[in-house]
Amino acid sequence: MTSPVDTELSPQYDPAAIERGIYDRWLAAGAFHADARRSARLGGDHVPFTIVIPPPNVTAVLHMGHGLDETVQDVIIRWRRMAGDEALWVPGTDHAGIATQNVIEKQLAAEGRTRFDVGREAFVQRTEEFVRVTGGTILEQLRAIGSSCDWSRTAYTLSPELSRAVREAFVRLYEKGLIYRGHRVIHWCSRCLTSLSDEEAEHEDASGTLYHIRYALVRADGSLDPEAGVTVATTRPETMLGDVAVAVHPEDARYRALIGQRVMLPIAELPIPVIADAYTDPAFGTGVVKITPAHDPNDFEVGLRHALPMPVIMTETGEMRDAPDTAPRRVPDDLVGADRFAARDRIVAALQQRALLVKRETHQHAVRHCYRCHTVVEPRLSDQWFVRMAPLAAPALEAVRRGDVRILPERHHAVYLHWMENIRDWNISRQLWWGHRIPVWYCDACGGAPHVSREDLTRCPTCGGAVRQDDDVLDTWFSSWLWPMTTLGWPDASSRDLRAFYPTDVLVSGPDILFFWIARMIMSGYEFMGARPFHTVYLHGIARDMQGRKMSKSLGNGIDPLDVVRLFGADALRYTVIAGMGMGVDVRLDPDDLEKSFTPGRNFVTKLWNIGRFLLGNIGREPVAPLDALDRGRLTRADAWILERLDAAIAECDTAFGAARPSDGSWTEETRFAGLRLNEYTETARRFVWNELADWYVETSKNRLTPDAPDRDVARAVLVHVFDAALRLLHPVVPFITEALWQRLPIPGRPADAVLATASWPHRGGAFGDAPREFALVQEAVNAIRQLRSDYALPPGKSVEVVIVSRNGVAGADAVRVLEEERAVLARLARATVRAAAEAPREAAAHALLSGGTELVMPLAGLIDLDKECARLTEEMRQLGTQLDALRSRLTNERFTAKAPPHVVEAERAKERDWSQRHTILGDKIASLCGGR
């Protein structure tokens, strides 16, 4: 008879039919809203647990990096919400200064215009209109993958509230002397027309050319000495027109006599001094370096030490120009206006023509590129605003050293410490129109110091004259580094959210923004709040294609998570990325074969749906007694076993999450979070539902669920309890399907409006005596009988007899008793009738020894052709013996073992061990089966 299923559930899982409705139900129930009044920090009963989302750029659509990042966060926040914390996940978006401005400028370019054609005010207005659409779109996309954010607290880095906080931070740092205006060499993007921080100018390995150029010695009378001079090596000959000196090491004997003399700068034909500076490495190249202070950060420092001029010989767009404040001219007329790379070729050709190019050689080096548009970055001297980082880095550095802030995986600790120990001042000004405009005003009338203000100025505070605001905007990360505070109400110290939920708990992100964002947030937390912003940083792996390349639009190898949701559902996406993501391990997906990539998730949700349909169909809708109300004496061994396995699964899931929860179910500040191994948690929950609940317990319980079964109430109560707990364990990773099934489960005492999203995390129930161990013996017997059936190719439907023989005294007698009492389970799961005997039958039989010493004997007469089977086994053993003899002969041959590669010899020895074991097994099988044949 076919087992019933819940016919109200469709035969196939259809995520599109249920996900939107379930998400709306969560929202209606207020499932994701965190109430500050319930926080223990404000006298409530709930320990707060807070995550802030790494705000996606408003220019973006959801990509696989978001899909992975947001799923990890959602798994954690759903777990903590169910564990009883006042869990808050703050959502929001980033205005993304450079990226957003690039988008709008491209739109204008398509119209044949530039931002300067429309003006700043109109440009900003157009950008705001664009952001109103795209910013809301990505939040909707986050909902589509199940993100359980508290949407009532959605933040935006350019909102009035956060803008006020950004200005407050700037003014405070300026008043402390930690923000200053500096004339320094910075990284300049000639495409975005803005400066970049060190972290935004990313190194990319490139194969370039190292040009060796001759600088002739200038005699005292101004003539050139053709026999003397120096050779310098450079990868950027176009910058030589900005050279103001060449430097040698003061202790380099080769050049000591040249110090203080002059050499001729080629092309520009200007004499420049030879200086001594310890910055020069005598062992590198020729031991002589060209000094171009306006176009190299190291040369800039040399220029300061020696009071050298600093001519800028390139425009903002990367074209050659003559430095306006220098005389005579440095850049010849035929090079003025030339692109820097075209100028390089022309300068090299001119050097070659004048016999000043000594040689050229291929050179592998790291070239900085703009992190947004990938244009080669140009070091350039300019006026910018900087933050002094050393004072801010000190407490953030110590916090990680002390363990107050943990970084997972721990291999990132050393990287963080190295960066923080060698931190440089942060260039925070950007030559853009989109972003937080720098709150600095200048008065041309009195020409005094700039005025930094929390409020907009219309008149000069000194003379009352007209003022103009600084044209630059702040680096986008200057608003993002305040994110854990500003999203909760900072700088308003009385903010209830700030008092209830700060510090936050876990920061989830990819390792690629450890310095862009995470390290800076730690600094700002200690600077402005006097406390760490979070106790744990979890750096997950990166979404990569099958070639190991990071998924990106530019490579065309990305996956749109919404495509996956449309094809397979959000749960399939979530399960696939979490199950395949070890601690810090990258996730490999095939953008050309989504079905293959997301098969693990699709298969799991399909299996879970089928399990649910079967269980719900057999359990029915009538009320179920609470498990605690049942007499424990009525529990079968299978009941006790599945309940104990549930306890073990809960404990393993807690451990995988990193929580060492006491058996009473309570959490403390110290134990509620210690680490994250989400793939292990997912596998534990999957194994319990798939292997233990479905494959074992459900199979043993089918006959107990029939309407006339005497203990149907017990089986239903156990099933409801166990499946309820299983769905709770799985909910953080596959929330939609678990909610759909949980709503149909007849859980005793559940309110009609309850949702699984806010149900409690399961806790362990207690000990069950010997019953679970005894059922494990039944499982072992079932597996042994199934293996014997497989060994002899017995048809699945054919019943067999199995004799149980005790070989181990009292323990063996107990095992026999258990197996006899569970004969119905053995008959159902192994198609075997069992009986006990003092001795094994003498006829031909198959044997299996259980771990406790009990022997299972399966007589084979009438089941197989014994003569034919004995002949087959004997011939198999003979052939294996021949092969084994030849292999042993080879291994005893010293010429083979001495000359063959070690890995080949070891492989042969492993083969010998395997074949020997198989030979012994065949011998035992022939002895027991064939006897005197």
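The structure displayed is predicted, hence computed values, not measured ones.

Visitor: I'm lost on the overall build of the protein chain in this one. Help?
Guide: Helix and strand content of the protein chain: 28 helices and 29 strands. On C-alpha atoms alone, the protein chain measures out to a radius of gyration of 37 Å, which is more than a quarter above the 30 Å that the 2.2 N^0.38 rule sets for 933 residues. Viewed in the frame of its principal axes, the protein chain has a C-alpha envelope of about 120 × 80 × 50 Å. Counting over 933 residues, the protein chain shows a buried share of 56%. Long-range pairs, those at least 24 residues apart, make up 76% of the contacts in the protein chain between residues at least 6 apart in sequence. Element-wise, carbon and sulfur atoms account for 50% of the exposed surface of the protein chain, whose accessible area totals about 39,600 Å². Side chains of the protein chain carry 111 positive and 126 negative charges; the gap between the two charge centres is 1 Å.

Visitor: Before we go on, may I ask you to explain empty space enclosed by the protein in this structure?
Guide: In this approach the atoms are scanned with a rolling probe the size of a water molecule, which exposes any empty space left behind. All told, the structure shown has 1 cavity of 30 Å³ or more when counted by the stated rule. What the largest cavity holds in volume is close to 40 Å³. When residues of the lining of the largest cavity are traced back to their parent elements, those giving at least two are α3 (97–110) and β21 (473–474). The class makeup of the residues in the lining of the largest cavity is 6 nonpolar, 2 polar and 3 charged.

Visitor: Would you mind showing me how to read the nonpolar core here?
Guide: Most often, soluble globular proteins have nonpolar side chains that are buried together. Core analysis: the biggest nonpolar cluster contains 240 residues, and Phe170, Tyr416, Met420, Phe478, Ile518, Met523 and Leu856 have the highest contact counts within it. The dominant element in this core, judged by the number of residues it contributes, is helix α21 (residues 712–730), at 13 residues. Non-local contacts of Ile518, meaning those with residues more than four positions away in its chain, are made with Leu507, Ser509, Gly510, Ile513, Phe534, Val537 and Leu539. Membership of the second largest hydrophobic core comes to 35 residues, among which are Leu217, Val246, Ile272 and Val348.

Visitor: Is there a simple way to think about the packing of aromatic side chains in this case?
Guide: The geometry of two aromatic rings is summed up by the distance between their centres and the angle between their planes. On inspection of all chains with the given rule, the structure shows 24 aromatic pairs. For the pair Trp481 and Phe528, a centre-to-centre distance of 6.1 Å together with 90° between the ring planes defines the contact as edge-to-face. You can see Trp481 sitting in the loop between α11 (476–480) and α12 (483–486) and its partner Phe528 sitting in helix α14 (residues 514–529), a full 47 residues away along the chain. The same class applies to Trp481 and to Phe528, which are both buried. Aromatic pair Tyr575 and Phe604: ring centres 4.5 Å apart, planes at 10°, arrangement stacked. Linking Tyr575 in helix α16 (residues 570–579) with Phe604 in helix α18 (residues 599–619), this pair joins segments that are 29 residues apart in sequence. In this pair, the class of Tyr575 matches that of Phe604, namely buried. When the ring centre of Trp742 is taken as reference, the NZ or CZ atom of Arg750 above it lies at 4.6 Å. Over the face of the ring belonging to Trp696 we find Arg786, whose NZ or CZ atom lies 5.5 Å from the ring centre.

Visitor: How should the pattern of salt bridges be read in this particular structure?
Guide: Pairing is possible between side chains of opposite charge, provided their charged atoms come close. Here the structure, examined in full by the defined rule, presents 65 salt bridges. When the shortest N-O distance is used, the salt bridge between Arg637 and Glu774 registers 2.6 Å. Taken together, the residues Arg637 in helix α19 (residues 637–657) and Glu774 in helix α23 (residues 771–791) connect sequence positions 137 residues apart. The same class applies to Arg637 as to Glu774, namely buried.

Visitor: What is the right way to read the confidence of the model for the protein chain from this model?
Guide: Interpretation of the predicted coordinates at a detailed level should be avoided for regions scoring low in pLDDT. With 96% of its residues at a pLDDT of 70 or more, the protein chain shows a mean pLDDT of 90. Note that residues 661–672 has pLDDT below 50 and, in this model, 29 contacts with residues that lie over four places away or in other chains.

Visitor: It is not clear to me how the packing of α19 against helix α20 (residues 678–701) should be interpreted in this structure. Could you clarify?
Guide: The relative placement of two packed helices is expressed as an angle between their axes plus a distance between the axes. Closest axis-to-axis distance for the α19/α20 pair is 8 Å, and the angle between their directions is 175°. As far as their axial angle goes, α20 and α19 are roughly antiparallel. Listed contacts from α20 to Ala638, Asp639, Trp641, Ile642, Arg645, Leu646, Ala649, Glu652, Cys653, Ala656 and Phe657 of α19 are Leu678, Glu680, Tyr681, Thr684, Ala685, Arg687, Phe688, Glu692, Leu693, Trp696, Tyr697 and Thr700. Along the lines of polarity and charge, the residues of the contact of α19 with α20 split into 15 nonpolar, 2 polar and 6 charged.

Visitor: Just checking my understanding: could you explain the sheet that holds strand β16 (residues 426–427) for this structure?
Guide: Two pairing modes exist for strands in a sheet, parallel and antiparallel, and in both the strands are linked by backbone hydrogen bonds. Taking strand neighbours across the sheet as the criterion, the 4 strands line up as β6-β5-β14-β16 in an open arrangement whose pairing is antiparallel. Each having just a single partner strand, β6 (194–196) and β16 make up the two edges of the open sheet. Note that strand β5 (residues 179–189) and β6 share 3 bridges and pair antiparallel. Opposite Cys189, over in β6, you have Thr194 as the bridge partner. Along the sheet, helix α7 (residues 297–306) makes contact with β5 and β14 (378–387), crossing β5 at roughly 140°.

Visitor: Just checking my understanding: could you explain the sheet that holds strand β18 (residues 440–442) for this structure?
Guide: Judged by pairing direction, the sheet is antiparallel, and its 3 strands sit side by side in the order β19-β18-β20 without closing on themselves. This sheet does not close on itself; its edge strands, each paired only once, are β19 (451–452) and β20 (468–469). Direction of pairing for β18 relative to β20: antiparallel, over a ladder of 2 bridges. Bridging across to β20, Trp441 finds its partner in Gln469.

Visitor: Whenever I open this one, unusual backbone geometry confuses me. Can you help?
Guide: A negative phi angle is the norm for most residues apart from glycine, just as the trans form is the norm for most peptide bonds. Cis geometry is found at the peptide bond from Trp490 to Pro491, where omega equals 15°. Counting through the fold element by element, Pro491 comes out in the loop between α12 and α13 (496–501). Here Tyr502 and Pro503 are connected by a cis peptide whose omega angle stands at 0°. Take Pro503: it is sitting in the loop between α13 and β22 (506–509). One non-glycine residue, Ala96, lies in the positive phi region at around 55°.

Visitor: What should I look at first to understand the side chain of Arg574 in this one?
Guide: Turning to its location among the elements, Arg574 is positioned in helix α16. We classify Arg574 as buried; its relative accessible area is 0%. In this structure the side chain of Arg574 is engaged in a polar contact, spanning 2.7 Å, whose partner is the backbone oxygen of Pro732. Looking at Arg574, its side chain comes within polar contact range of the main-chain oxygen of Val733, at 3.1 Å. Ignoring sequence-local partners within four residues, the contact set of Arg574 consists of Thr71, Asp74, Val75, Arg78, Ile145, Gly146, Ser147, Pro732, Val733 and Pro735.

Visitor: Is there a simple way to think about helix α26 (residues 866–891) in this case?
Guide: The periodicity of an α-helix, 3.6 residues per turn, causes residues three or four positions apart to be oriented the same way. With 26 residues, α26 should reach 38 Å at 1.5 Å per residue; the first-to-last C-alpha distance of 37 Å fits that figure. If you check which residues of α26 are buried, you get Leu866, Glu869, Cys870, Leu873, Leu880, Gly881, Leu884, Leu887 and Leu891. Each element contacted by the buried residues of α26 is listed here: α27 (894–899) and α28 (902–930).

Visitor: How should I be thinking about α21 in this particular structure?
Guide: Taking 1.5 Å per residue, 19 residues should reach 27 Å; α21 reaches 26 Å between its end C-alpha atoms and fits that length. Burial runs high along α21: 17 of the 19 residues are buried.

Visitor: Just to check I follow, could you spell out the side chain of Ser480 for this structure?
Guide: By the element assignment, Ser480 lies in helix α11. If near-sequence neighbours (up to four positions away) are discounted, Ser480 is found in contact with Asp94, Trp517 and Met521.

Visitor: Even after reading the chapter, I still don't get the state of the cysteines, so can you show me in this structure?
Guide: Two cysteines joined by a covalent bond between their sulfur atoms form a disulfide. Here the structure, examined in full by the defined rule, presents 1 disulfide. The partner cysteine of Cys870 in its disulfide is Cys930, sulfur to sulfur 2.1 Å. Its torsion about the S-S bond being -110°, the disulfide of Cys870 and Cys930 is classed as left-handed. Taken as a pair, Cys870 in helix α26 and Cys930 in helix α28 lie far apart in primary sequence, 60 residues in all. Both residues of the pair, Cys870 and Cys930, belong to the buried class. Cysteine Cys189 shares no disulfide, and the gap to the nearest cysteine sulfur, in Cys373, comes to 3.4 Å. Assessed through its relative accessible area of 23%, Cys373 is described here as partly exposed.

Rules of the game
- Residues numbered from 1 in each chain as written.
- Predicted model: local features only at pLDDT ≥ 70, side-chain atom pairs only at ≥ 80, totals over all residues.
- Heavy atoms only, no water.
- Helix = DSSP H or I, 4+ residues; strand = E, 2+ residues; numbered from the N terminus.
- Rg over C-alpha atoms; globule rule 2.2 N^0.38 Å.
- Buried < 20%, exposed > 50% of the residue type's maximum accessible area, 1.4 Å probe, protein only.
- Contact = heavy atoms within 4.5 Å.
- Areas by Shrake-Rupley, 256 points an atom, 1.4 Å probe, with all protein chains shown as cover.
- Lys, Arg positive; Asp, Glu negative; His and termini not counted.
- Charge placed at Lys NZ, Arg CZ, Asp CG, Glu CD.
- 1 Å grid on protein atoms, 1.4 Å probe; cavity = no way out; pocket = protein on both sides within 12 Å on 5 of 7 lines; lining within 4 Å.
- Points joined across faces, edges and corners; volume = space filled by probe spheres on them.
- Nonpolar A, V, L, I, M, F, W, Y, C, P; charged D, E, K, R; others polar.
- Core = buried A, V, L, I, M, F, W, Y, C linked by side-chain atoms within 4.5 Å.
- Phe/Tyr/Trp six-rings, centres within 6.5 Å; stacked < 30°, edge-to-face > 60°.
- Lys NZ or Arg CZ within 6 Å of the ring centre and 35° of its normal.
- Salt bridge = Lys/Arg side-chain N within 4 Å of Asp/Glu carboxyl O.
- pLDDT = per-residue confidence, 0-100.
- Axes fitted to C-alpha atoms, helices over the stretch in contact; angles between N-to-C directions.
- Parallel < 35°, antiparallel > 145°, perpendicular 65-115°, else oblique.
- Pairing = 2+ DSSP bridges.
- Polar contact = N/O pair within 3.5 Å; in protein donor to acceptor, adjacent residues only side chain to side chain.
- Expected span 1.5 Å × (residues − 1).
- Disulfide = S-S within 2.5 Å.

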